[in-house]
Structure formats: structure tokens, C-alpha cells
Amino acid sequence: MTSHRTPGPGDPAGLAALRPRLPSPLRPVEDERFARHGVRLLLKRDDLIHPELPGNKWRKLAPNLRTAAEAGRRTLLTFGGAYSNHLRATAAAGRLLGFATVGVVRGDELAGRPLNPSLAQCAADGMRLLFVDRTAYRRRAEPSEVAALLAGADLAPDSVYVIPEGGSNALAVRGCTALGRELRGAAETVAIACGTGGTLAGLAAGLGTDGRALGFPVLRGGFLDAGIRDLQRAAFAGPAGEWRLEDRFHFGGFARVPTELDAFAADFEERHGLAVERLYVAKMLYGLTTLAAEGAFPPGTAVAAVITGSPEPADRT
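Cut-off values and rules
- Residues numbered from 1 in each chain as written.
- Predicted model: local features only at pLDDT ≥ 70, side-chain atom pairs only at ≥ 80, totals over all residues.
- Heavy atoms only, no water.
- Axes fitted to C-alpha atoms, helices over the stretch in contact; angles between N-to-C directions.
- Helix = DSSP H or I, 4+ residues; strand = E, 2+ residues; numbered from the N terminus.
- Parallel < 35°, antiparallel > 145°, perpendicular 65-115°, else oblique.
- Left-handed = near helix turned anticlockwise from the far one by under 90°.
- Contact = heavy atoms within 4.5 Å.
- Nonpolar A, V, L, I, M, F, W, Y, C, P; charged D, E, K, R; others polar.
- Core = buried A, V, L, I, M, F, W, Y, C linked by side-chain atoms within 4.5 Å.
- Buried < 20%, exposed > 50% of the residue type's maximum accessible area, 1.4 Å probe, protein only.
- Pairing = 2+ DSSP bridges.
- Phe/Tyr/Trp six-rings, centres within 6.5 Å; stacked < 30°, edge-to-face > 60°.
- Lys NZ or Arg CZ within 6 Å of the ring centre and 35° of its normal.

Engineer: Is there a simple way to think about the packing of helix H2 (residues 55-70) against helix H7 (residues 170-183) in this case?
Structural biologist: Packed helices, taken two at a time, are described by their axes: the angle between them and the distance between them. Orientation of H2 relative to H7, taken along the N-to-C sense of each, is 135°, at an axis distance of 7 Å. The angle between H2 and H7 falls in the class oblique. When the axes of H2 and H7 are compared, the crossing they make is right-handed. Contacts between H2 and H7 involve Arg59, Lys60, Pro63, Asn64 and Thr67 from the former and Leu171, Ala172, Gly175, Cys176, Ala178, Leu179 and Glu182 from the latter. Here the residues of the contact of H2 with H7 are counted per class, giving six nonpolar, three polar and three charged.

Quick look at the structure:
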């Protein structure tokens, strides 16, 4: 795999050179916690799309990278928290494809501290990190705030392509419809962990009438419903597909991995030989297992769980 590849004609972001594995594999697993209720569990291994741009990160970033390259904008600026998978994926994309990257990180108190493993990987991949206070971060979608960030970082606006937090915009949502199309006819319910909701918005649209999308928010607050509807209006001019959210399994909020959740993930790993990412995937799998025990899925149902990423080394400590 070649880093800093110059995009060629017809492949404006050089993505084909990265050899994504598409469609991602769909694999049945035997799990008695589901089988005893007559439910078949399938794992959609989106984590295998690409080692550094896995799962929904590939699906959401790819159309934005193409658009940035076509516009001649060779700097990507985006937003995230201290443990953001999106920041890490954007930094990796920059290194692999020759984009400069700037990450606006929530929390100016982090500026004077040692970088955690996630942010350290961003920096190692060449991402410039800008730490902003939480009040300014809440205004990140306002044009005046973006302009102030660009000016403060001495960045020319016409050279920068801005990607929202989590990579969720209309382009990303349309990119995620491919995930739904790949799963049509395979399962009645398709489950996915949700941060900003962009993947769920596209997944539901891609499934169409062939299945229901079930989202497991990893942040508390119950705010995703309106955000997903807004994303679908932006991408499709209205609602698309059937989806709902299950808000019970955030375990206190993002980056919260209590002992109970960690033990569940370790047990799932032992049962199925799958390394379970803790911040997103474990919460979704825990929620599905609980719902199966509660009888939420009729006997004969197939449930597909989308595995959106693999653990970082820090997840295992």
C-alpha cells in the first residue's frame, strides 16, 4: 500500500489503490443466547473493509474524500472528542492519500496534557490537533466559528474541505446506503451502534422495505432521533427506510466501559473469536443479546449486527 499517492484521472482520491474489501463479509455465528429464542445471528464484518479505514468510516469518508479531491481542496478539517474514531480515520486517510489533516478536538484543557493513544495516533499520522473550549466546540457547525478556526490556524478557506463531527453529512449518508443494499434480504433486523447517526440514516435508506434498521446510541441524551431525520432530509429530501433507536445501552455515555460491559465483550470474544471494540460494538452486541433474552425478536428472525471497527490497543487494557 502506497502512502501519499497522487490521485489519478477517474480516481480523484486514489481510493481504489487502497483495495477496500467490498462488499464486506456477512457471516453467521452460533450463539445459544440467540438460538434458544429461535433467532439467527449474523455478523456483517465491515471492520474488514480496510485495516485503517474500517466500516462506516470508509463508507462515510470515501464520498467526502472524492469531493474534496475533485474540488482541489487538499486539507481536511474535521471535529471530534479525545477518543474519536472519526478523527483517527481521517488522519489515516490523510496519510494514505496525501491530504493534510486538521482535527478540532473538544476540550481545551487537553492541550497541556500527554496525548491519549487515540490522539497520539492522529498526530503520528500527521494530523494537526487544535484544542478548543467546549463552548466554542458546540458552535462548530456555525460558519462564523469555522471561519474563526481557519483564520486562527492560518488556513486559506479555499484550500480546506470541512467534514462534520463523525463524518456525518448528506454525502456520507448516501455513501452508507451501500451497506443497506448489501444486506437486503439477509436479515429482518440490522443493528448498528450510533454516534452521530449518519450510518443508520443511510443504512435504513439502503435497506428500503427489505428490513428494519436498529440503532444503539453510545451517547446518552436521547438527541439522535431529530439528527437522523435532519440527515435523511439533507440526503434524500425526506424520510427513508424503517429505523428506530434503542437508548438503553449507552452505559453512561461515550468512552464509558464499565466492568459488566468489558466482561461481556471478553466473553463474546472467547465464544466467537472476534476482537470486540468496546466503545461502540460492545454496546450494540450487549443490547442485541439483552433484546433476544427479552423476546424482542420473533422466532425465525435473522438479526445482522454490523461490526464497524476493531479494538484499539488501549481498548484491551
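Engineer: Explanation requested: the nonpolar core in the structure shown.
Structural biologist: As a rule of thumb, nonpolar side chains are buried together in soluble globular proteins. Membership of the largest hydrophobic core comes to 32 residues, with the highest contact counts inside it found for Leu43, Met284, Leu285 and Leu288. Among the elements of the structure, strand S2 (40-44), strand S7 (189-194), strand S8 (212-217), helix H10 (259-272), helix H11 (281-293) and strand S10 (302-306) are those that each provide at least two residues to this core. Among the elements that make up this core, the one with the highest residue count is H11 (eight residues). Every residue in contact with Leu285, bar those within four places of it in the chain, is listed here: Leu43, Phe264, Phe268, Val276, Ala305 and Ile307.

Engineer: I'm lost on the sheet that holds strand S4 (residues 100-106) in this one. Help?
Structural biologist: Across a sheet, strands are paired by hydrogen bonds formed along the backbone, either parallel or antiparallel in direction. Pairing is parallel across the open sheet formed by four strands, whose spatial order is S5-S4-S3-S6. Unpaired on one side and paired on the other, strand S5 (128-132) and strand S6 (160-162) mark the two borders of the sheet. Each adjacent strand pair in this sheet contributes to an overall mean axis angle of 25°, direction not counted. Alignment of strand S3 (residues 75-80) against S4, held across six bridges, turns out to be parallel. Each bridged residue has a counterpart across the sheet, and for Leu76 the counterpart in S4 is Thr101.

Engineer: So what exactly am I meant to see when it comes to the pairing of S2 here?
Structural biologist: Looking along a regular strand, one sees side chains alternate from face to face of the sheet. Where burial is concerned, most of S2 is hidden: four out of the five residues are buried. In this sheet, S2 lies alongside strand S1 (residues 26-29) in antiparallel orientation, the contact comprising four bridges. Bridge assignment links Arg27 to a residue of S2, and that residue is Leu43. By the bridge criterion, five bridges tie S2 to S10 in an arrangement that is parallel. Residue pairing for S10: Arg40 is matched across the bridge by Ala302.

Engineer: Can you walk me through the environment of Pro25 in this structure?
Structural biologist: Mapped onto the secondary structure, Pro25 falls in the segment before S1. A sequence separation of 21 residues divides Pro25 from Asp46, and the C-alpha atoms of the two residues are 7.3 Å apart. Pro25 has contacts with Leu43, Lys44, Arg45 and Leu48, leaving out every residue within four places of it along the chain.

Engineer: Teacher, can you tell me more about the packing of aromatic side chains here?
Structural biologist: Pairs of aromatic rings are described using the distance from one ring centre to the other and the angle between the two planes. Counted under the stated rule, the structure contains seven aromatic pairs. Their ring planes at 65° and their centres at 5.5 Å tell us that Phe254 and Tyr280 sit as a pair that is edge-to-face. In this pair, Phe254 sits in the loop between strand S9 (242-245) and H10 while Tyr280 sits in the loop between H10 and H11, placing the two residues 26 residues apart along the sequence. One aromatic cluster is present, built from ring pairs that chain together Phe216, Phe249, Phe251, Phe264, Phe268 and Tyr286. Its guanidinium or amino end placed over the ring of Phe99, Arg74 lies 4.0 Å from that ring's centre, counting from NZ or CZ. Stacked on the ring of Tyr137, the Lys or Arg Arg106 has its end atom at 5.4 Å from the ring centre.

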